[in-house]
Amino acid sequence: MKLQHKVAVITGAASGIGAATAQLFAAEGASVVVADKDEAAAQQVAQALPVRAGSYAVAMPVDVADSSSVQQLLHSTHEQFGRVDVLVNNAGFGLASTVEHTSEEDWARIMRVNVDGVFFGCKYAIPLMREQGGGVIVNTASVAGLVGLRDRAAYCASKGAVIALTRAMALDHAAENIRINCVAPGTVQSPYFTDMLAKADDPQALLQQLSARQPVMRLGQPEEIAKAILFLASADSSFSIGSVLVADGGLTAA
Ligand SMILES: NC(=O)c1ccc[n+]([C@@H]2O[C@H](COP(=O)([O-])OP(=O)(O)OC[C@H]3O[C@@H](n4cnc5c(N)ncnc54)[C@H](O)[C@@H]3O)[C@@H](O)[C@H]2O)c1
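Values in this document were obtained by computation on a predicted structure and should not be read as measured data.

Enquirer: Before we go on, may I ask you to explain the packing of helix H3 (residues 67-81) against helix H4 (residues 104-132) in this structure?
Expert: For any two helices packed against each other, the geometry is given by the interaxial angle and the distance between the axes. At a closest axis distance of 9 Å, the pairing of H3 and H4 adopts a crossing angle of 30°. Accordingly, the angle class assigned to the pair H3 and H4 is roughly parallel. The way H3 lies across H4 gives a crossing that is right-handed. In this structure, H3 uses Ser-67, Val-70, Gln-71, Leu-74 and His-78 to contact H4, whose residues at the interface are Phe-120, Gly-121, Tyr-124, Ala-125 and Leu-128.

This is the structure:
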C-alpha cells in the first residue's frame, strides 16, 4: 500500500475528483479527512471509504475561501491524528464567461476559492509538515492554467495562479522535505461537469465539442485523475518537485 500510516487531508472531497481521491487514498492505507463545505455529502463519502485496519476516515467541514476555517481544519486534523502527511488542495469551481461578461463579484469569488484556498491550505500546513519532518502537498490545477480556453477567462487565470504558486512554493520548501506538485486535468466527467452540461442550451452538442477537444475523444473520469494525485502524494514521485502532471487525454499535446 502506497499510503500506509499516512494522514491525508483532501479538500473538495465530497464530490468528483476529490471523492475519487479519497477512495483511492483509503484503499492505499491512508487515514483520510474528507473536507468539504458540503458537510452532509462529506459524511456520506467518509462513511463509504474502504478504510484499512488501523486507519480512519472522518468528514470535516471547511470553506477553503475562509482562512480561519482552513486553519481549523488543519488544527483539528493535527489534534486528532497527530500529523498531516498529505494535503490535497482540490476544492474549486469553474466559471463559463469571457472577461467582459465576468462580474467583479464572480472574479473575486473564483480567486477566493481557487487561489486563496490553495494559499491558505499551504500556508497553514507547511509549518505542521516542517515540524514533523516533512510532507506532501498536491494542488488541483487544470489544463486551463496551461493554455487559454475560450469562455473561461477567470477560471484560466485562477488555475494559472495555482500552477505558478505550486512551482514557487516547491522551491521554497524542497530542502525541508516538503514536496509540492500539482495535477492539471483536462475535462473530467465529475458532478460539476454534469451540472454544467444540464444547464447548456444544447447539452449533446457541448458534450461532443468538449470530448472532441481531447484527442482520446472522450472525457476523463475522476478515478483517472485520482491516480495521478496518488502518484504525486506517494513516494513513487519522490524526485518530483514543483511539477505539473498533465492528465488531459491529449488536450494540451495537440
Ligand atoms: N471536472 C473537470 O473537468 C475539471 C478539470 C480540471 C480541473 N478541475 C478541478 O478539479 C477540482 C475538483 O473539481 P470537480 O470537477 O471534482 O468538481 P465537483 O464540483 O464535483 O467537486 C468539487 C467539490 O469542492 C467543494 N467545494 C467547492 N467550493 C468549496 C469551498 N469554498 N470550500 C470547500 N469545498 C468546496 C464542493 O462542495 C464539491 O464537493 C476543482 O479544483 C476543479 O477546478 C476539474
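The rest of the description comes next.
Enquirer: So what exactly am I meant to see when it comes to the layout of surface pockets here?
Expert: One simple way to see leftover space: roll a probe sized like a water molecule over the atoms. Empty space within the largest pocket amounts to approximately 1,200 Å³. Surrounding the largest pocket, 44 residues form its lining, Gly-92, Phe-93, Gly-94, Ser-190 and Tyr-192 being those nearest its centre. Looking at the lining of the largest pocket, the elements with two or more residues in it are helix H1 (16-27), strand E2 (31-36), H4, helix H5 (153-173) and helix H6 (191-199). At six residues, H6 tops the list of elements feeding residues into the lining of the largest pocket. When its residues are assigned to classes, the lining of the largest pocket shows 22 nonpolar, 12 polar and 10 charged.

Enquirer: Sorry, what's going on with the sheet that holds strand E7 (residues 244-247) here?
Expert: Strand pairing in a sheet relies on backbone hydrogen bonds. The paired strands run either parallel or antiparallel. Ordered by their spatial adjacency, seven strands build an open sheet running E3-E2-E1-E4-E5-E6-E7, and the pairing between neighbours is parallel. Edge strands, defined here as strands with exactly one partner in the open sheet, are strand E3 (57-61) and E7. Averaged over all adjacent pairs, the angle separating strand axes in this sheet is 20°, with direction ignored. Across four bridges, strand E4 (residues 86-89) lies against strand E5 (residues 135-140) in parallel orientation.

Enquirer: Hey, could you run me through the packing of aromatic side chains in this one?
Expert: The description of two aromatic rings rests on the distance between their centres and on the angle between their planes. Under the definition given, this model contains two aromatic pairs. With centroids separated by 6.2 Å and ring planes inclined at 50°, the aromatic side chains of Tyr-56 and Phe-81 adopt a geometry described as tilted. One end of the pair, Tyr-56, is in the loop between helix H2 (39-47) and E3; the other, Phe-81, is in helix H3, and 25 residues separate them in sequence. Centroid distance Phe-119 to Phe-120: 5.6 Å. Interplanar angle 50°. Geometry classified as tilted.

The rules behind the values
Residues numbered from 1 in each chain as written. Predicted model: local features only at pLDDT ≥ 70, side-chain atom pairs only at ≥ 80, totals over all residues. Heavy atoms only, no water. Axes fitted to C-alpha atoms, helices over the stretch in contact; angles between N-to-C directions. Helix = DSSP H or I, 4+ residues; strand = E, 2+ residues; numbered from the N terminus. Parallel < 35°, antiparallel > 145°, perpendicular 65-115°, else oblique. Left-handed = near helix turned anticlockwise from the far one by under 90°. Contact = heavy atoms within 4.5 Å. 1 Å grid on protein atoms, 1.4 Å probe; cavity = no way out; pocket = protein on both sides within 12 Å on 5 of 7 lines; lining within 4 Å. Points joined across faces, edges and corners; volume = space filled by probe spheres on them. Nonpolar A, V, L, I, M, F, W, Y, C, P; charged D, E, K, R; others polar. Pairing = 2+ DSSP bridges. Phe/Tyr/Trp six-rings, centres within 6.5 Å; stacked < 30°, edge-to-face > 60°.

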